[in-house]
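Here's the letter readout for the chains.
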Amino acid sequence: MTVLRPQGEVSTVASHFQSWRSAARSSLAANMSPDLLSWSDDGLAIPLFGELASHAPGADLPIAVPTTVPRAFLSIASSVACHREMNRWSFLYSCLWRLAHGEPHLLEVAADPLTHRLLRMHKEVRRASHKMKAFVRFREVNSSVGSEPEYVAWFEPAHRVVERTAPFFADRFPSMRWSILTPDGCARFDGSDLTLTEGIERRQVPHSDDALEDLWRRYYAGIFNPARLNRSAMRAEMPMRYWKNLPESRLIESLSRDAPSRVARMIAQTTARPEELPRDLDAIESPSSQPGRFTSSDSIAEAPHVPWHSVCDPGWQEARRRGDDIPTPRHPLFARRGCDVYAGVAGWTDPSLLAPDVFYPSGAKDAESRLRYYATLFPMVEVDATYYAFPSVATSQRWVDRTPHDFVFDVKAHSLMTGHPTDPSRLPEWLRSELPVRLRGARNVYSHHFSSSTLDEIWRRFIGALEPLRAAHKLGAVMLQYPRWFTPTKEHADELKLARERLGSCPASVELRHRDWMSGRLTSPTFDLLRNLEFSYVAVDAPPGMESSMPPTVEVTHTDLAIFRFHGRRETTWETRNDSVIERYRYLYTKEQLVEWIPSIERAINESRRVHLTFNNNYWNYATTNAREMRNLFLSL
């Protein structure tokens, strides 16, 4: 295998990793716990108190604790060193500390949050390396007569994987002279030596008019099979963040748009006789004679082979009647720069939303038909009912069965899990029997009325009930929405840590309701706490200036998911106790107010793989209207 060598004074990931290993060995020998150290970006330890002068890197040290760690950890750590997460060095040292202090089998405990995070980061780096191998496209930049061709590729990797991946290209193309240029570093191969130089900007890339690109585009268009088009699978394997540098990317939209008409022409050109066609072809028609509407006798669960966004689209039905090419409906899930963006509402069964002619067609009269219809228009929903009643495995499985494969549920944690008042009459019998007799008829009970073991069981049963969603990859996050009296204290910080322990590896988000969490010097520690606990911070839009109104601060604390919740801005009812919940959230955003959030959402799109935009202004069709408006704003950019 060809070895890559730095050229000149180039800062490399490998050198930073070696610096970290040396500093970590010295710190471990000095018995410095993780909370006593800070780490620079180049892998050097900075003691918060005192110095490590007597423990210079590489020196022979009296080892206070075992320093032997599993071989697999060093391999994984060298991979995680390439990750873009800012606190990767401190995180690796925390893993090392636990491995050396009585937990030698930590890497085998997949449910441990630290192990889960370590393996996830390792997987993300490996995936970034794989994508580099798949999506680097060389262009010829020197084709003058008598000169040896040179090839250049511009690439923007998700993580710092140029050093790890460049030798693959040297072994793959040993007779070519090529350069892979990235913002992190540039790998150059002259036919014998592979060297690494400093990164450059996109504008510095040499211009190229490569005829091979036109040939490749014609080839790509020729092998494109419209009948096998699957946009979700395409985005998963070829994330949109790479499209701008792929020569074939300019063809994808037009090829996808024309796919239905091409399939129709392919079918029309077959030699099948009419009697050989399926007898139930007319079943594709809408069960109602009125385009886009359903009657009470309609069965919305029918026509399983037709996408529901097609059945409910009047344009699709009209084209079907005329015999025209069937238009491709716009999928409710969209992507920007490799990030999937989901827009939806908090609850699909809000009473005002169920009113006639507000949102649902007349035939959607039960839970199944409403969820099926909702899922044709939006790619995600926040389940609010679980705040009041515990879910069951059977219910979760029904949600899985009634929604498309890429639909996602954010599930609100039960009120007892986040310290809210709870009506004991709505508790299951096994839990109500745990209460003292005097409290079983009370108006409200709280989590402190239960034993610690009972609370553990509450969390275990709640998370277990969501297993069908997790297995189907339809669980976005369990949302922990804390009350306004959940203030920034050590006790409440410990409560967040306990929540993570009880959740295990289950994805979760946190919405805070007291503005002091975001006040001055507490803002950064709050985000650090959520980041270390692998909670996605929920940025909110709410009436400003209230004690329970969080400022519109945006921070991505988990690269897997960022969440924005829009509560409306109705100041007069936000903190009143006598008004109904409907009155508190009865607010319709203007498009100008939605536009205000686009820069913050764009930032989250750049820093995470998924973004959820949840509208909680539940009154009639206010939330559904604003969710669609927000989606259309991004599609128009």
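No experiment lies behind these values; they were computed from the predicted model shown. For every chain, the first residue of the written sequence is number 1, and numbering continues from 1 along that sequence. Residue-level local features of this predicted model are given only where pLDDT is at least 70; pairs of side-chain atoms are given and counted only at 80 or more, and the full residue set underlies all totals for whole chains, interfaces and linings. Hydrogens and water are ignored here; the side-chain numbers use all heavy atoms of the structure.

### A closer look at the environment of Val-141
Rules: Secondary structure follows DSSP: runs of H or I at least 4 residues long count as helices, runs of E at least 2 residues long count as strands, and numbering of each begins at the N terminus.
Here Val-141 shows up in the loop between strand S4 (139-140) and strand S5 (150-154). Each C-alpha atom of the pair Val-141 and Val-152 lies 6.7 Å from the other, and the pair is 11 residues apart in sequence.

### Examining the nonpolar core
Note that soluble globular proteins tend to have their nonpolar side chains buried in a common cluster. How we decide: Here, the term nonpolar core denotes a set of buried Ala, Val, Leu, Ile, Met, Phe, Trp, Tyr and Cys residues that are joined through side-chain atoms within 4.5 Å. Throughout, exposure labels follow a simple rule: accessible area from a 1.4 Å probe, protein chains only, divided by the maximum for the residue type, with under 20% read as buried, over 50% as exposed, and the rest as partly exposed. Any two residues whose heavy atoms approach within 4.5 Å at even a single point are treated as in contact.
Residues Phe-409, Leu-480, Phe-564, Ile-601 and Leu-613 are the most contacted members of the largest nonpolar core, which totals 89 residues. Once residues within four sequence positions are removed from consideration, Phe-409 is found in contact with Trp-348, Leu-371, Val-381, Val-383, Trp-399, Thr-403, Leu-469, Lys-474, Leu-475, Gly-476 and Ala-477. Counting residues in hydrophobic clusters, the runner-up holds 61 residues, among them Leu-37, Tyr-93, Val-125 and Phe-169.

### Notes on the pairing of S5
Let me state the cut-off plainly: At least two DSSP bridges between two strands are needed for those strands to be called paired. A clockwise course of the path from the first strand over the helix to the second, judged with the strands pointing away from the viewer, identifies a crossover as right-handed.
With 4 of 5 residues buried, S5 lies mostly within the body of the structure. Two elements, S4 and S5, share 2 bridges in a ladder whose sense is antiparallel. Following the sheet pairing, Arg-139 is matched in S5 by Val-152. Pairing analysis gives 5 bridges linking S5 to strand S6 (residues 177-181), with the strands arranged parallel. Residue pairing for S6: Val-152 is matched across the bridge by Ser-179. For the crossover that starts at S5, traverses helix H5 (residues 162-172) and ends in the parallel S6, the hand is right-handed.

### Focus on helix H14 (residues 452-465)
As a reminder of what qualifies: Expected span of a helix: the number of residues minus one, times 1.5 Å.
Spanning 14 residues, H14 covers 20 Å between terminal C-alpha atoms, matching the ideal 20 Å at 1.5 Å per step. Turning to H14, its buried residues are Thr-454, Leu-455, Ile-458, Trp-459, Phe-462, Ile-463 and Ala-465. The secondary structure elements touched by the buried residues of H14 are helix H12 (393-401), strand S12 (408-412), helix H13 (429-432), helix H15 (467-471), strand S13 (475-481) and helix H16 (490-503).

### Considerations on the pairing of strand S14 (residues 508-511)
Across the two faces of S14 the burial is the same, with Ala-508 and Val-510 and Ser-509 and Glu-511 all buried. One ladder, built from 4 bridges, connects S13 with S14; its direction is parallel. Along S14, the bridge assignment pairs Val-478 with Ala-508. As for the winding sense of the linkage, the β-α-β connection from S13 through H16 to S14 is right-handed. Note that S14 and strand S15 (residues 535-541) share 3 bridges and pair parallel. Looking at the pairing, Val-510 lines up with Tyr-537 of S15. Read from S14 through helix H17 (residues 523-532) to S15, the crossover connection turns out right-handed.

### Examining empty space enclosed by the protein
Our working rule: Residues are called lining when one of their atoms sits within 4 Å of a cavity or pocket point, these points coming from a 1 Å grid over the protein atoms alone, where a cavity is a set in which a 1.4 Å probe fits but cannot get out and a pocket is an open set with protein on both sides within 12 Å along at least five of seven lines. Grid points are joined across faces, edges and corners, and a volume is the space filled by probe spheres set on the points. For this scheme, ten residues count as nonpolar: Ala, Val, Leu, Ile, Met, Phe, Trp, Tyr, Cys and Pro. Four count as charged, namely Asp, Glu, Lys and Arg, and the remainder, Gly too, count as polar.
What the rule picks out here adds up to 2 cavities of 30 Å³ or more. Taken together, Val-345, Gly-347, Asp-350, Leu-353, Asn-617, Asn-618, Tyr-619, Trp-620, Asn-621, Tyr-622, Ala-623 and Thr-624 make up the full set of residues lining the largest cavity. A total of 3 residues in the lining of the largest cavity trace back to one element, the largest contributor, which is helix H21 (residues 622-635). For the lining of the largest cavity, a count of residues per class yields 6 nonpolar, 5 polar and 1 charged. In this model, the second largest cavity occupies a volume close to 30 Å³. In this structure, the second largest cavity is lined by Tyr-537, Ala-539, Val-554, Glu-555, Val-556, Ala-562, Ile-563, Phe-564 and Ala-604. For the lining of the second largest cavity, the elements supplying multiple residues, two or more each, are S15 and strand S16 (562-566). For the lining of the second largest cavity, the element with the highest residue contribution is S16, accounting for 3 residues. Its residues assigned to classes, the lining of the second largest cavity shows 8 nonpolar, no polar and 1 charged.

### Some points on unusual backbone geometry
Here the phi dihedral of Asn-31 falls at roughly 60 degrees; this positive angle occurs in a residue that is not glycine. Judged by relative accessible area, Asn-31 falls into the partly exposed class, the value being 41%. Of note in the backbone geometry, Trp-620 takes a positive phi value of approximately 50 degrees without being a glycine. Relative to the elements of secondary structure, Trp-620 occurs in the loop between strand S17 (610-615) and H21.

### Concerning helix H1 (residues 13-29)
When the terminal C-alpha atoms of H1 are compared, their 24 Å separation across 17 residues agrees well with the 24 Å that a helix rising 1.5 Å per residue should span. For H1, the elements touching its buried residues are strand S2 (37-39), strand S3 (45-47), helix H2 (71-80), helix H3 (88-100) and H5. Backbone geometry just downstream of H1 places Asn-31 in the positive-phi region, at approximately 60 degrees.

### Let's talk about the packing of aromatic side chains
Inclusion rule: Centres within 6.5 Å are what make two rings of Phe, Tyr or Trp a pair, Trp counting through its six-membered ring; a difference in plane orientation under 30 degrees is then read as stacked, over 60 as edge-to-face, and the rest as tilted.
A full pass over the atoms with the stated rule returns 34 aromatic pairs. Summarising the aromatic geometry, the rings of Phe-566 and Tyr-589 are spaced 5.9 Å apart at their centres and angled 90 degrees between planes, so their arrangement reads as edge-to-face. Remark: Tyr-589 occurs in the loop between helix H18 (581-585) and helix H19 (591-595) and Phe-566 occurs in strand S16; sequence separation between them is 23 residues. Neither Phe-566 nor Tyr-589 differs from the other in exposure class; each is buried. For Tyr-589, a relative accessible area of 3% puts it in the buried group. Ring-pair connections join several aromatic residues into one group, and the members of that group are Trp-348, Phe-359, Tyr-360, Tyr-373, Tyr-374, Phe-378, Trp-399, Phe-407 and Phe-409.

By themselves these figures say nothing about function.
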